Amino acid sequence: MSELTERTLNYYRQQQYQPGWFDLLSAMIQGMLQNASESESQLFLQQMGDNLATRYPLAASQTVGELEQRINDVLARFGWGFVDLQPHENAIVICHMALPPGDGLIEARQWRQALGAVLTGLYSRWLADQGGSTDVPLRCEDPDDETALNFRYQR
């Protein structure tokens, strides 16, 4: 078992979810998908992630390790899992593990896409605030894993 898989399982073992919160979020996302196009919904959710990042700014980080810790500190407050930042020569991959589970009423793929949009806005703002270029896109890569999303920050 990989270290990230073990960390994910330990995270879920320690969580207690508030009833009602994800029910409301699920109902809102379901309503949005029924009343707006998928692209409009994605843009709105990205904007909400950006707004959330503005409400919870990160202190300046000198290293990728510091940035990872600061992101994980905020995610821990939210109960939203944790990230593993993987720096590459010309990219950063953000592996978001232990995604909040949906309520089962929204298709798993749609739930991951909605969370991916929110997290794209959140991470994009945080990276820009750390000095990253707004011209460099952050893309959500949806793996088949229902508990994880990968984001690639690369030209």
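Draft legend 1. Quick look at the packing of helix 3 (residues 38-55) against helix 5 (residues 108-129). Viewed as axis vectors pointing N to C, helix 3 and helix 5 meet at an angle of 45°, and their least axial separation amounts to 7 Å. Considering the angle they form, helix 3 stands oblique to helix 5. As helix 3 packs across helix 5, the resulting crossing turns out to be right-handed. The residues of helix 5 that touch helix 3, namely those facing Glu 38, Gln 42, Leu 45, Gln 46, Gly 49, Asp 50, Leu 52, Ala 53 and Thr 54, are Arg 109, Gln 113, Ala 114, Ala 117, Val 118, Thr 120, Gly 121, Leu 122, Arg 125 and Trp 126.

Draft legend 2. Helix 4 (residues 64-78), seen in detail. Taking 1.5 Å of rise per residue, 15 residues should cover 21 Å, and helix 4 covers 21 Å from first to last C-alpha, within 8% of that figure. Leu 67, Glu 68, Ile 71, Asn 72, Val 74 and Leu 75 are the residues of helix 4 that are buried. Mapping the buried residues of helix 4 onto a view down its axis gives an arc of 165°, with all of them on the same face. Exposed and facing more than 90 degrees away from the buried side of helix 4 are Ala 76 and Arg 77. At the C-terminal side of helix 4, Gly 79 shows a positive phi close to 70°.

Draft legend 3. View of the packing of aromatic side chains. In this structure the tally under the stated criterion is 4 aromatic pairs. Look at Tyr 123 and Trp 126: their rings are 6.1 Å apart centre to centre, the planes differ by 45°, and that puts the pair in the tilted class. Of this pair, Tyr 123 and Trp 126 both sit in helix 5, 3 residues apart, which is roughly one turn of that helix. For the pair Tyr 123 and Trp 126, one class covers both residues: buried. Taken together, the aromatic side chains of Tyr 56, Phe 78 and Trp 80 make up a single cluster linked through ring pairs.

Draft legend 4. Structural view of the pairing of strand 1 (residues 82-88). Sheet topology note: the strand 1/strand 2 (residues 91-97) ladder contains 7 bridges and is antiparallel. Paired with His 88 across the bridge in strand 2 is Ala 91.

Draft legend 5. The side chain of Glu 68, seen in detail. By the element assignment, Glu 68 lies in helix 4. Within polar-contact distance, the side chain of Glu 68 engages the backbone nitrogen of Leu 85 at 2.7 Å. Setting aside residues no more than four positions away along its own chain, Glu 68 makes contact with Val 83, Asp 84 and Leu 85.

Reading the values: the criteria
- Residues numbered from 1 in each chain as written.
- Predicted model: local features only at pLDDT ≥ 70, side-chain atom pairs only at ≥ 80, totals over all residues.
- Heavy atoms only, no water.
- Axes fitted to C-alpha atoms, helices over the stretch in contact; angles between N-to-C directions.
- Helix = DSSP H or I, 4+ residues; strand = E, 2+ residues; numbered from the N terminus.
- Parallel < 35°, antiparallel > 145°, perpendicular 65-115°, else oblique.
- Left-handed = near helix turned anticlockwise from the far one by under 90°.
- Contact = heavy atoms within 4.5 Å.
- Expected span 1.5 Å × (residues − 1).
- Buried < 20%, exposed > 50% of the residue type's maximum accessible area, 1.4 Å probe, protein only.
- Arc of directions from axis to C-beta.
- Phe/Tyr/Trp six-rings, centres within 6.5 Å; stacked < 30°, edge-to-face > 60°.
- Pairing = 2+ DSSP bridges.
- Polar contact = N/O pair within 3.5 Å; in protein donor to acceptor, adjacent residues only side chain to side chain.

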